[in-house]
Amino acid sequence: MLDVKKLYDELRRYEQVKDEVVQTSIKVARLSKAVVYSTIRKDFASAERAMRDMEEAVAKLKKLIEEWPMFYGNATTGLQEYVEATALYRYLKEGRLPTREELGVDVYTYLMGIAEIAGELGRTATEELLRKEVEPARRLKEAVERLYLDLLALEPRDFELRKKVDYVGSQANWIIEKLFYATSCRREEGPPATP
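Residues numbered from 1 in each chain as written. Predicted model: local features only at pLDDT ≥ 70, side-chain atom pairs only at ≥ 80, totals over all residues. Heavy atoms only, no water.

Participant: When you look at the packing of aromatic side chains in this model, what are you seeing that I'm missing?
Facilitator: The geometry of two aromatic rings is summed up by the distance between their centres and the angle between their planes. Overall, the coordinates contain five aromatic pairs when judged by the stated rule. Within the aromatic cluster, the residues linked to one another by ring pairs are Tyr14, Trp68 and Phe71. The side chain of lysine 93 reaches across the aromatic face of phenylalanine 44, ending 5.6 Å from its centre. (Phe/Tyr/Trp six-rings, centres within 6.5 Å; stacked < 30°, edge-to-face > 60°. Lys NZ or Arg CZ within 6 Å of the ring centre and 35° of its normal.)

What follows is the structure, given as structure tokens:
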């Protein structure tokens, strides 16, 4: 019959590792939000602190799934969030997106994470418009449009990735709408008109 003692121990280890992957992925996602929040507000010192913690958690996550590849699916959300946060940080700080190889993730995880920065670039454009900075917002709109065209050129067949590409297109349109209102529909500033 079964070697119950041995299988019991192996099953407990399996469950423990799976829980560790899930919890580490959640930690990466939480830290990615801190990176994004700080980066949009141009608080790069806070973003860098959160980035260091996030990269440490990602290294642990990658090591776990390298040893236990069956848990890769439990890690993908955290890895996509890592790609998104790092890409946003690099783009707003250095004007470039990190490559897939720099981030050490597979092509699908990379593209799913990269597509997500469109929403964060839209929020950044809104922040710029609130400061009445139209040109930086216009450049962000152009970046999102370029990202959309680049993603379309990849001709994704996967339904979830295709939805992300459509999301990028909708974000480009959303920024265009905000720019339109900021430049065309706002009231001229000056003294109120007298009746």
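Still more to cover.
Participant: Which parts of the structure should I look at to understand helix α6 (residues 134–153)?
Facilitator: The terminal C-alpha atoms of α6 lie 29 Å apart, and with 20 residues this matches the ideal 28 Å at 1.5 Å per residue to within 8%. Those residues of α6 not exposed but buried are Val134, Pro136, Ala137, Leu140, Lys141, Ala143, Val144, Leu147 and Leu151. Buried positions along α6 lie against α3 (72–94), α5 (107–130) and α7 (159–185). Positive phi appears at glutamate 155, one or two residues downstream of α6, with a value of about 50°. (Helix = DSSP H or I, 4+ residues; strand = E, 2+ residues; numbered from the N terminus. Expected span 1.5 Å × (residues − 1). Buried < 20%, exposed > 50% of the residue type's maximum accessible area, 1.4 Å probe, protein only. Contact = heavy atoms within 4.5 Å.)

Participant: What is the right way to look at the nonpolar core in this model?
Facilitator: General note: in soluble globular proteins, nonpolar side chains tend to be found buried as a group. Counting residues in hydrophobic clusters, the biggest one holds 52 residues, and the most contacted among them are Val21 and Met54. Not counting chain neighbours up to four residues away, the residues in contact with valine 21 comprise Leu61, Leu64, Ile65, Phe71, Asn74 and Ala75. (Core = buried A, V, L, I, M, F, W, Y, C linked by side-chain atoms within 4.5 Å.)

Participant: What is the right way to look at the environment of lysine 164 in this model?
Facilitator: With respect to the helices and strands, the residue lysine 164 is situated in helix α7. Given a relative accessible area of 17%, lysine 164 falls into the buried group. With 101 residues separating them in the primary sequence, lysine 164 and lysine 63 have C-alpha atoms 28 Å apart. In contact with lysine 164, not counting residues within four places along its chain, are Met112, Ala115 and Glu116. One polar contact links lysine 164 to glutamate 116, side chain to side chain, over a distance of 2.3 Å. (Polar contact = N/O pair within 3.5 Å; in protein donor to acceptor, adjacent residues only side chain to side chain.)

Participant: Can you walk me through the side chain of glutamine 80 in this structure?
Facilitator: Examined against the element boundaries, glutamine 80 turns out to sit in helix α3. The exposure class assigned to glutamine 80 is buried, which follows from its relative accessible area of 18%. Contacts of glutamine 80, omitting those with residues within four sequence positions, involve Tyr108, Thr109, Met112 and Gly113.

Participant: Quick question: what am I supposed to make of the packing of α6 against α7 here?
Facilitator: Relative placement of two packed helices is described by the angle separating their axes and the distance separating the axes. Following both chains from N to C, one finds α6 and α7 inclined at 155°, their axes separated by 9 Å at the closest point. Considering their axes alone, α6 and α7 lie roughly antiparallel with respect to each other. In the packing of α6 onto α7, the handedness of the crossing is left-handed. Here Val134, Ala137, Arg138, Leu140, Lys141, Val144, Glu145, Leu147, Tyr148, Leu151 and Leu152 of α6 lie close against α7, whose contacting residues are Arg162, Val165, Val168, Gly169, Gln171, Ala172, Ile175, Ile176, Leu179 and Thr183. (Axes fitted to C-alpha atoms, helices over the stretch in contact; angles between N-to-C directions. Parallel < 35°, antiparallel > 145°, perpendicular 65-115°, else oblique. Left-handed = near helix turned anticlockwise from the far one by under 90°.)

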